[in-house]
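The primary structure of each chain is shown beneath.
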Amino acid sequence: MLRRIINHLQGQVLIRAESAFPERILNLCGARELAFWDVKWESPIAFTCRLSRRDWHALRQAAKNLDCTLTVVSREGAPYFLFRFRHRQALLIGLTLCAMGLFLGSFFIWDFAVEGNETVPTEKILRALEKNDVHLGSFGLSLDGESIRNHVLLDIPELSWISVNVSGCRANVQVRERVMPPEQLDRQTLSNMVARRAGLVLKVRAVDGIANVQPGTAVAENQLLISGIEDTDTVGARVLAGLGSVTARTWHTLTASMPLEVLEKQYTGEEKTLFSLTIGTHRIKFFSNSSIQGTKYDKIVKRHPLSLLGLRLPATLVTETCRFYESAPTAREAAAAEGAGEKILTAYLASIVEPYGAVTSTLCASRQKGGVLLVTLSAECVEEIGVRVPIYTEEPGRGEGP
């Protein structure tokens, strides 16, 4: 591939050679160290091949003493292409300026690719890089990798390593997220563990303290599960941290009101397309006014990065398509309303249960009341119900009168 590009830049000639002894032409090329390729035999006395522009002139001079006929079939490459515009100086100057622009633009960053991040958003990494003068249009050869790494790691403590490698017009950003150490148990705060909500205890594990419940016991909300006060036979009562975990089976009942008449979008068929060109961080609009007053519409934005000969250009064509619609009241079937309500309640149930456990089973029921459908979701879960509450101890001497 690289050799083909070089040949096109230098210029190449496709010739047809005819001779009673065509092998003499090939021997002459070998003796003069003239490179040729793409040899195709048309007959025992004729063949075609390609040579560079310089080797073609050398072969033509050397073959004058041979009994052969050399015919140029075609000329290819940049020199012959530019030679056609020798009388069009303005066009030639424009092509030269365009080539210089592409060459100089290849030293600047016009695109970013971030890899290795899972929890840290890509936008946060790009903002930190922009804060440290690494943004669209930055000169790629002037980047100090060590300085960038030190400053970005201070701005984003969730990262343990970052590297910026510039390849052409693209900056490849590779990051490695920090593995956070597990949270240490707080053994300094004196506390009890009580029930966050009612449930049926499945497992009790007391790390520091005395378990007050056993598996199979039903507990109420705020009931003491693990006591931080331990009675001893030698020194009396001893106050501990009250650490541990209590897993229980819990039940949740959630209700939502779903209207049976909703407003739905009805597209009018009218569309409006707006075009703009983004060059670096600057946007050029090809329309006078982008605001649409008093009209309901959906906007679909598509971005088309521009490139030339496989080289990424610092420009992106943006098309914004506005699809207009009107809101009209539409009757909704009870089954559809129940499904929508179940989806909403399931998402809310997951948000309140997942930090502590998991949902094991659900049951959805509904009943109509006027123009509203009451959707009820009953769920059974297994979750951690223990929560720590501090024990307030009175210091010696406090609370006594003068």
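Please refer to the structure placed before this passage.
These numbers come from a predicted model, not from an experiment.

### Quick word on the pattern of salt bridges
Taken as a whole, this structure holds 13 salt bridges when the rule is applied. When the shortest N-O distance is used, the salt bridge between Glu76 and Arg50 registers 2.9 Å. Residue Glu76 is located in strand β4 (residues 68-76), and its partner Arg50 is located in strand β3 (residues 46-52); the two are separated by 26 residues in the primary sequence. A relative accessible area of 23% means that Glu76 is categorised as partly exposed. Of the charged contacts, one joins Asp298 and Lys265 as a salt bridge, the two residues approaching to 3.1 Å between their closest N and O atoms. With Asp298 in strand β18 (residues 297-308) and Lys265 in strand β16 (residues 261-279), this residue pair connects regions lying 33 residues apart in the sequence. Using a relative accessible area of 19% as the deciding quantity, one classes Asp298 as buried. One salt-bridge network, in which partners are shared between bridges, spans Arg16, Glu18 and Glu42.

### Things to note about the environment of Arg178
Considering the arrangement of structural elements, one finds Arg178 in the loop between β7 (170-177) and β8 (191-195). With a relative accessible area of 40%, Arg178 lands in the partly exposed category. Sequence separation of Arg178 and Thr268 is 90 residues, and the distance between their C-alpha atoms is 51 Å. In contact with Arg178, not counting residues within four places along its chain, are Pro157, Glu158, Leu159 and Ser160. Separated by 2.9 Å, the side chain of Arg178 and the backbone oxygen of Pro157 make a polar contact.

### Focus: the sheet that holds strand β15 (residues 243-259)
Pairing within the open sheet is antiparallel, and its 5 strands lie in the order β11-β9-β15-β21-β20. Each of the sheet's edge strands pairs with one partner strand only, and the pair in question is β11 (218-219) and β20 (357-369). Summarising the sheet, β20 and strand β21 (residues 372-384) pair through 12 bridges and their orientation is antiparallel. Looking at β21, one finds that Leu363 is bridged to Ser378. Here helix α8 (residues 334-353) sits on the sheet and contacts β15, β20 and β21; the angle it forms with β21, its principal contact strand, is near 30°.

### Remarks on the sheet that holds β8
With antiparallel pairing, the 4 strands of this open sheet are ordered in space as β10-β12-β8-β22. Edge positions in the sheet fall to β10 (210-211) and β22 (386-390), since each of these pairs with one other strand and no more. Bridge count for β8 against strand β12 (residues 224-227) is 2 bridges, and the pairing is antiparallel. Across the sheet, residue Met193 finds its bridge partner in β12, namely Ile226.

### Structural notes on a nonpolar patch on the surface
On the surface, a nonpolar cluster with roughly 310 Å² of combined accessible area is contributed by Phe81, Leu82, Leu91 and Leu95. Every element with two or more residues in the nonpolar patch is listed here: α4 (78-83) and α5 (89-105). Mapping Leu91 onto the fold places it in helix α5. On the basis of relative accessibility, which here comes to 37%, the residue Leu91 falls in the partly exposed class.

### Here's the deal with the packing of helix α6 (residues 122-131) against helix α7 (residues 145-155)
Packing of α6 against α7 leaves a shortest axis separation of 10 Å and a crossing angle of 130°. Here α6 is positioned oblique relative to α7, judged by the angle of their axes. With respect to the hand of their crossing, α6 and α7 are arranged in right-handed fashion. The segment α6 lies against α7, with Ala128, Leu129 and Lys131 engaging Ile148, Val152 and Asp155. For the contact of α6 with α7, the class distribution of residues is 4 nonpolar, no polar and 2 charged.

### What to know about the side chain of Ser276
By secondary structure assignment, the location of Ser276 is in strand β16. Reaching out from Ser276, the side chain makes a polar contact with the side chain of Arg283 at a distance of 3.2 Å. Residues contacting Ser276, with those up to four places away along its chain left out, are Arg283, Ile284, Lys285, Phe286, Phe287, Thr316, Leu317 and Val318.

### Let's talk about helix α2 (residues 23-31)
When we look at burial in α2, the residues that qualify are Ile25, Leu28 and Cys29. Axial view of α2: buried residues confined to an arc of 100°, hence all on one face. More than 90 degrees from the buried face of α2, the exposed residues found are Asn27, Gly30 and Ala31. Summarising the contacts, the buried residues of α2 are in contact with β1 (12-19), β2 (36-43), β3, α3 (53-62) and β4. At the exit of α2 stands Glu33, carrying a positive phi of roughly 60°.

Parameters and conventions
- Residues numbered from 1 in each chain as written.
- Predicted model: local features only at pLDDT ≥ 70, side-chain atom pairs only at ≥ 80, totals over all residues.
- Heavy atoms only, no water.
- Salt bridge = Lys/Arg side-chain N within 4 Å of Asp/Glu carboxyl O.
- Helix = DSSP H or I, 4+ residues; strand = E, 2+ residues; numbered from the N terminus.
- Buried < 20%, exposed > 50% of the residue type's maximum accessible area, 1.4 Å probe, protein only.
- Contact = heavy atoms within 4.5 Å.
- Polar contact = N/O pair within 3.5 Å; in protein donor to acceptor, adjacent residues only side chain to side chain.
- Pairing = 2+ DSSP bridges.
- Axes fitted to C-alpha atoms, helices over the stretch in contact; angles between N-to-C directions.
- Patch = residues over 30% accessible without salt bridge, like charges linked within 9 Å, V, L, I, M, F, W, Y side chains within 5 Å.
- Areas by Shrake-Rupley, 256 points an atom, 1.4 Å probe, with all protein chains shown as cover.
- Parallel < 35°, antiparallel > 145°, perpendicular 65-115°, else oblique.
- Left-handed = near helix turned anticlockwise from the far one by under 90°.
- Nonpolar A, V, L, I, M, F, W, Y, C, P; charged D, E, K, R; others polar.
- Arc of directions from axis to C-beta.

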